[in-house]
Amino acid sequence: MPRQYFIPEHTPNPLTRLKYLVVDKKRPQPKAPRAIQIQTISGCNGNCIFCPNKKTKLEIPYGKKMDVDLFKGIIDQCVTMNVRRISPYLMNEPLMDEDLPQRVHYISKKKKRRQYTKINSNGALLTQAMAEGLMDAGLNRLHISVQGIDPANYAHLMKLNFDQVIKNVEAAVKIKEKGNYATQIRVVMLDTNEIHPRLDEIRAFWKERGLQINVNQMENRGTHKQIQTGKISANKLNAFRWCDRLFRQAYVLYDGRMVQCCSDWEQTKILGDLSKDSLQTVWNGPDYMDYRQKFIDGDLKGSICNGCMKDPKKK
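Residues numbered from 1 in each chain as written. Predicted model: local features only at pLDDT ≥ 70, side-chain atom pairs only at ≥ 80, totals over all residues. Heavy atoms only, no water.

**Student:** Would you explain the layout of surface pockets in this entry?
**Tutor:** Space left empty within the atom packing is revealed by a probe, the size of a water molecule, rolled over the atoms. Its boundaries defined by the atoms lining it, the second largest pocket holds a volume of some 290 Å³. Around the second largest pocket sit 15 residues that line it, and Gly222, Thr223, His224, Glu266 and Thr268 are the ones nearest its centre. Across the lining of the second largest pocket, the residue classes break down as 2 nonpolar, 9 polar and 4 charged. (1 Å grid on protein atoms, 1.4 Å probe; cavity = no way out; pocket = protein on both sides within 12 Å on 5 of 7 lines; lining within 4 Å. Points joined across faces, edges and corners; volume = space filled by probe spheres on them. Nonpolar A, V, L, I, M, F, W, Y, C, P; charged D, E, K, R; others polar.)

Set out below in structure tokens:
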């Protein structure tokens, strides 16, 4: 179960705070996010059946890029606030942004020790030029989502070209090895009923190519009605017992607005706008704090957390 938190400003009784710390092993709400996801471009070239992309009621623009000055300003604040993981992607395909290597390079120039960069991509746009550009820029972690090794299953789940993605991943591994780059490359996938029976075979497939895989738990993306997570999950989805995303992670759209969660595709509540206010102001502001306190109290009405379900079994 993830670490639980409490909000000191909402807990005036010192004995209660002491109980939270010593007995309940809770931590006070951090003054800065541990991780941040930044959408440098909107939209995705994929159409995975487990993802709300292209299935939202909200009309999400395709290909809208984050202003360079806004991006740099957010990164500067992240560095100052010691945000450990800086991820220039959110609810999108980050490689659609042809300027991504330059953005990663800016982070690499600015970041301090123990801070690192990471992106998740479907790999379809991972050309050799893009792969080399990202590694030259100092990207720390590149995770590529590949749902299984059966072309038919892959096409059903992701609606992309399996053979091209495999070629792209293999080429990226060769670039890494030839250039002796420090970038960590991993394959990631969700534990679906199509993939689960073949996990050993899948691990062997990627081991032959010098890669490890991460098998992540399926979730219903905040009760999104147009995706098939309940049907394809390897295990029954259960309600979250606890989630630490709202206490540890920040999510920024291409125009600077901050949403509640990486699952909040419908933008059910905007918690702040970094084109107008600082990250520190929004993160520690009343909207964020009220959202967290309601979650702590079990009052999920009106939030993306209401009805969120996840596969409870870790792989």
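Moving on, there is more to tell.
**Student:** Quick question: what am I supposed to make of the sheet that holds strand 8 (residues 213–216) here?
**Tutor:** Strand-to-strand pairing in sheets goes through backbone hydrogen bonds, with the strands running parallel or antiparallel. Strand order across the open sheet formed by 9 strands is 8-7-6-5-4-3-10-11-12, with mixed pairing between neighbours. Two strands bound the open sheet, and with one partner strand each, they are strand 8 and strand 12 (270–273). Mean inter-strand twist for the sheet, computed between neighbouring axes without regard to direction, equals 25°. Both strand 7 (residues 184–190) and strand 8 contribute to a ladder of 4 bridges, which runs parallel. Looking at the pairing, leucine 190 lines up with asparagine 216 of strand 8. In the packing of helix 11 (residues 286–297) onto the sheet, the strands contacted are strand 10 (249–252), strand 11 (257–259) and strand 12, and the crossing angle to strand 12 comes to about 155°. (Pairing = 2+ DSSP bridges. Helix = DSSP H or I, 4+ residues; strand = E, 2+ residues; numbered from the N terminus. Axes fitted to C-alpha atoms, helices over the stretch in contact; angles between N-to-C directions. Contact = heavy atoms within 4.5 Å.)

**Student:** When you look at the nonpolar core in this model, what are you seeing that I'm missing?
**Tutor:** Taken as a class, soluble globular proteins show a tendency for nonpolar side chains to be buried jointly. Counting residues in each nonpolar core, the largest one holds 53 residues, and the members touching the most others are Phe50, Ile119, Leu126, Leu134, Val146, Met189 and Trp206. Mapped onto this core, the elements with two or more residues apiece are helix 3 (100–110), helix 4 (128–136), strand 6 (141–145), helix 5 (151–158), helix 6 (162–179), strand 7, helix 7 (199–207) and strand 8. It is helix 6 that contributes the most residues to this core, 7 residues altogether. Setting aside anything within four residues of it in sequence, one finds methionine 189 in contact with Val146, Gln147, Gly148, Ile195, Ile202, Trp206, Ile213, Asn214, Val215 and Asn216. Counting 34 residues, the second largest nonpolar core, distinct from the first, contains Val79, Trp242, Met258 and Cys305. (Core = buried A, V, L, I, M, F, W, Y, C linked by side-chain atoms within 4.5 Å. Buried < 20%, exposed > 50% of the residue type's maximum accessible area, 1.4 Å probe, protein only.)

**Student:** Help me out: how do you make sense of the packing of aromatic side chains in this one?
**Tutor:** The relation between two aromatic rings is expressed through the spacing of the ring centres and the mutual angle of the planes. All told, the structure shown has 8 aromatic pairs when counted by the stated rule. The interplanar angle of 15° and the centroid separation of 5.3 Å between the aromatic rings of tyrosine 5 and phenylalanine 247 together place this pair among those described as stacked. Note that tyrosine 5 is positioned in strand 1 (residues 5–6) and phenylalanine 247 in helix 9 (residues 245–248), a separation of 242 residues in sequence. Each member of the pair, tyrosine 5 together with phenylalanine 247, is buried. Of the aromatic side chains, those joined through ring pairs into one cluster are Tyr5, Trp242, Phe247 and Phe295. When the ring centre of phenylalanine 71 is taken as reference, the NZ or CZ atom of arginine 103 above it lies at 5.1 Å. Seen from the ring of tryptophan 283, arginine 292 lies directly overhead, with NZ or CZ sitting 4.2 Å from the centre. (Phe/Tyr/Trp six-rings, centres within 6.5 Å; stacked < 30°, edge-to-face > 60°. Lys NZ or Arg CZ within 6 Å of the ring centre and 35° of its normal.)

**Student:** Which parts of the structure should I look at to understand the environment of asparagine 216?
**Tutor:** Tracing the backbone through its elements, the reader meets asparagine 216 in strand 8. Along the chain, asparagine 216 and aspartate 311 lie 95 residues apart, while their C-alpha atoms are 9.1 Å from each other. Not counting chain neighbours up to four residues away, the residues in contact with asparagine 216 comprise Val188, Met189, Leu190 and Asp191.

**Student:** I tried to follow the pattern of salt bridges on my own but got confused; where do I start?
**Tutor:** Should their charged atoms come close, side chains of opposite charge can pair. Overall, the coordinates contain 14 salt bridges when judged by the stated rule. Between lysine 65 and aspartate 99 there is a salt bridge, with the nearest N and O atoms lying 2.5 Å from each other. Of the two residues, lysine 65 sits in the loop between strand 3 (35–38) and helix 2 (68–80) while aspartate 99 sits in the loop between strand 4 (85–87) and helix 3, which places them 34 residues apart along the sequence. Looking at aspartate 99, the relative accessible area reads 28%, which means it is partly exposed. Salt-bridge contacts for arginine 257 lead to aspartate 255; the nearest nitrogen and oxygen are separated by 2.8 Å. (Salt bridge = Lys/Arg side-chain N within 4 Å of Asp/Glu carboxyl O.)

Interpretation note: all reported values are geometric properties and have no functional meaning in isolation.
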